[in-house]
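Here is how the chains run, residue by residue.
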Amino acid sequence: MTPVDYTGGCQCDRIRYTVALDHDEAYLCHCRMCQRATGGFAAAFVHVPTLAVAWATEPDWYASSPIARRPFCSACGTPLGFAFNQESGNMDLTLGSFDRPEAFRPVAHAGCESMHAAWLDTRDLPRHFSATTQSVASRWKAAGLEVPE
């Protein structure tokens, strides 16, 4: 695959990045540290070469354990990734921080000792869309805005 430039950043847009990748692979990490760091049942990551990431504005970092640190935005709280303290030449960027997360496909699970399998196959659950959920749509309208995608 020819390298493609992907862009991303935090929710408030204070932190932005560009990363050149020659793959479209992502993975879910189910370890308890990732669950706590993101507040989700798993963290969705894209594994990238550290030197391929060009930060327009440097993110803030915190030590999430004795072996790793995580970039984030201190203004809006968006988790942006994961990196081992001992430089490996690679890091992970959170899938949701990419401008086009749909460009990536899941290829693996990590940290499976803490996997919540019931959250993996949710195809039979009812689906609600923000634009047609009254409690969400009415608040966006009251703010004079359209419901974002």
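This text gives an overview of the structure that appears in the document. Because the structure is predicted, anything quoted here is derived from the model rather than measured.

Rules behind the numbers
Residues numbered from 1 in each chain as written. Predicted model: local features only at pLDDT ≥ 70, side-chain atom pairs only at ≥ 80, totals over all residues. Heavy atoms only, no water. Helix = DSSP H or I, 4+ residues; strand = E, 2+ residues; numbered from the N terminus. Buried < 20%, exposed > 50% of the residue type's maximum accessible area, 1.4 Å probe, protein only. Contact = heavy atoms within 4.5 Å. Pairing = 2+ DSSP bridges. Axes fitted to C-alpha atoms, helices over the stretch in contact; angles between N-to-C directions.

1. Points about the side chain of Ser-114
Item 1. Mapped onto the elements, Ser-114 comes out in the loop between strand 10 (105–110) and helix 2 (134–142).
Item 2. For Ser-114, a relative accessible area of 15% puts it in the buried group.
Item 3. With residues up to four places along the chain from it excluded, the contact list for Ser-114 reads His-30, Cys-31, Arg-32 and Gln-35.

2. Brief notes about the environment of Thr-18
Item 1. Looking at the element boundaries, Thr-18 is found in strand 2 (residues 16–21).
Item 2. For Thr-18 and Gly-89, which are 71 residues apart along the polypeptide, the C-alpha to C-alpha distance reads 17 Å.
Item 3. Setting aside its immediate chain neighbours within four residues, Thr-18 contacts Asp-5, Tyr-6, Thr-7, Ala-52, Val-53 and Ala-54.

3. Section: the environment of Gly-89
Item 1. Locating Gly-89 in the fold gives a position in the loop between strand 8 (81–84) and strand 9 (90–94).
Item 2. Residue Gly-89 is classed as partly exposed on the basis of its relative accessible area of 35%.
Item 3. As for Gly-89 and Ala-52, which are separated by 37 residues in sequence, their C-alpha atoms are 9.7 Å apart.
Item 4. Beyond its immediate stretch of four places on either side in the chain, Gly-89 contacts Val-48, Pro-49 and Thr-50.

4. Topic: the sheet that holds strand 5 (residues 53–55)
Item 1. Here we have three strands laid out as an open sheet, ordered 1-2-5, and antiparallel in their pairing. The strands lining the two open edges of the sheet, one partner per strand, are strand 1 (4–9) and strand 5. Along the sheet, successive strands turn relative to each other by an average axial angle of 20°, direction set aside.
Item 2. Judged from the six bridges that link them, strand 1 and strand 2 form a sheet pairing that is antiparallel. When the sheet's bridge partners are listed, Tyr-6 is paired in strand 2 with Val-19.

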